[in-house]
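Reading the structure
One-letter residues, chain by chain:
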Amino acid sequence: MSRHLEVREVLRRITASARRLLGAEYAALGVPDDHGGFAQFVVDGVTDEQWRAIGPLPRQHGVLAAMLHETGPIRLDDVRRAPAFGGWPEAHPELGAFLGMPIVDADHDEDEPEVLGVIYLADKRGGGGFTDHDEELLRILAAHAALALTNARLYERSRELTLAGERARIAHDLHDAVSQKLFSLRLTAKAAAKLVDRDPARARAELAEVARLAAEAADELRAVVVELRPAALEEDGLSATLASQVQVLDRAHSADIAFAADRVRALPQAQEAALLRVAQEALHNALRHSGAGRVTVTLAGTPGRGAVLRVSDNGRGFDPGAVRRAGRHLGLASMRDRAAAVGGRLTLDSAPGTGTIVEMEVPGA
């Protein structure tokens, strides 16, 4: 049982092992949900055709329900004579001798241990009922089953958290990379539309830029999927890539946008990608939300072989705390996450009427 990490497979192994160990004709294992039914119900000794004919998963009633509220076993010579017995579905086999054992997580709470599920056995092969020895064997099996099922649940929970983290990463990447490129594309397309009548030649140049930006957006999207560095970084490096993007935005936007670099060494790939994404996000916020007339981007090397990125604007500024409380903080959270992921540090300085400064420092190699 302990070799398997999928909950469903662990449940099947427990059920088959219990049936084989105690010589029962039928075995089942039910895991309750929170709505009066079973989240999972595994059977052994019933064919697939029989199981389909029986119908939907059982509700929590009769003897099945009684077992979910017990931390000890129930052994009956004939389950049909139990006070809680409620009958079978039409295609269900007639069962007689019965032994039920809860799978209990004793570590959950010593006073109120959690019932993870219940093993149900019916009809001893060769006739007769289940014995004290059978009950003790099933108790030992249930203790091992509790460990195996807990481990499987923890594994699946860990996998869910990993997938959730991966979804968050992709969401950040899409927001940081592709949306920035599409924002630039939209501005350039607007500029081209205004120039069509009075300057057709320049309009054609702007439309060519639209095509180039669209191709870059497609490259960025592919990079997000396969976790590559942004396309331009591979060929041009961080300083040249930033300079190119600032040049595009400066041409397409009414604000004055400038870039300067000073003594920047090559950085680890992950740090360069993080700096680029943070710069894109800060530029996007400045141009879209601040109403700035001037935005300055600087990239400077540090004595420790790292680098400092600084994006400042003279816009209207904002209250970071108010933005966070309003829930409009995907960009800010993304920048902080990216800085932390590469061992860097991000600071944001802004207030209403004072403009905004975003600064990120990375340690280098």
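For the structure itself, look to the data block above.
What to know about the overall build of the protein
- Each helix and strand counted, the protein has ten helices and ten strands in total.
- Out of the 365 residues in the protein, the part that is buried amounts to 42%.
- Across the protein, every contact between residues at least 6 apart in sequence was considered, and the portion connecting residues at least 24 apart equals 63%.
- For the protein, the accessible surface area stands at approximately 19100 Å², while carbon and sulfur atoms represent 52% of it.

Describing the nonpolar core
- Formed by 36 residues in total, the largest nonpolar core has its most connected members in Leu238, Ile257, Val295, Leu309 and Met360.
- Of all elements in the fold, only α4 (132-195), α7 (238-252), α8 (269-290), β7 (294-301), β8 (307-313), α10 (330-341) and β10 (356-362) reach the threshold of two or more residues within this core.
- With ten residues, α8 is the largest single contributor of residues to this core.

Points about the sheet that holds strand β6 (residues 256-262)
- If you trace the five strands from one edge of the open sheet to the other, you get β6-β7-β8-β10-β9, paired in mixed fashion. Only two strands of the sheet have a single neighbouring strand rather than two, namely β6 and β9 (345-350). Between one strand axis and the next, the sheet turns by 10° as a mean value, whatever way the strands run.
- As defined by bridge partners, β8 adjoins β10 across seven bridges and the pair is classed as antiparallel. Each residue of the ladder has a partner; that of leucine 309, found in β10, is methionine 360.

With respect to unusual backbone geometry
- Within the chain, aspartate 123 stands out as a residue other than glycine whose phi angle is a positive 60°.
- The buried category is assigned to aspartate 123, whose relative accessible area is 18%.
- Despite not being glycine, arginine 263 has its phi angle at roughly 50°, a positive value.
- Checked against the element boundaries, arginine 263 lands in the loop between β6 and α8.

Examining α7
- Here α7 is 15 residues long and its end C-alpha atoms lie 21 Å apart, about the 21 Å a rise of 1.5 Å per residue gives.
- Those residues of α7 lying buried are Leu238, Thr241, Leu242, Gln245, Val246, Val248, Leu249 and Ala252. One side of α7 carries all its buried residues, which in axial view fall inside an arc of 160°.

The rules behind the values
- Residues numbered from 1 in each chain as written.
- Predicted model: local features only at pLDDT ≥ 70, side-chain atom pairs only at ≥ 80, totals over all residues.
- Heavy atoms only, no water.
- Helix = DSSP H or I, 4+ residues; strand = E, 2+ residues; numbered from the N terminus.
- Buried < 20%, exposed > 50% of the residue type's maximum accessible area, 1.4 Å probe, protein only.
- Contact = heavy atoms within 4.5 Å.
- Areas by Shrake-Rupley, 256 points an atom, 1.4 Å probe, with all protein chains shown as cover.
- Core = buried A, V, L, I, M, F, W, Y, C linked by side-chain atoms within 4.5 Å.
- Pairing = 2+ DSSP bridges.
- Axes fitted to C-alpha atoms, helices over the stretch in contact; angles between N-to-C directions.
- Expected span 1.5 Å × (residues − 1).
- Arc of directions from axis to C-beta.

Note that every value here comes from positions in space, so none of it alone points to a role or purpose.
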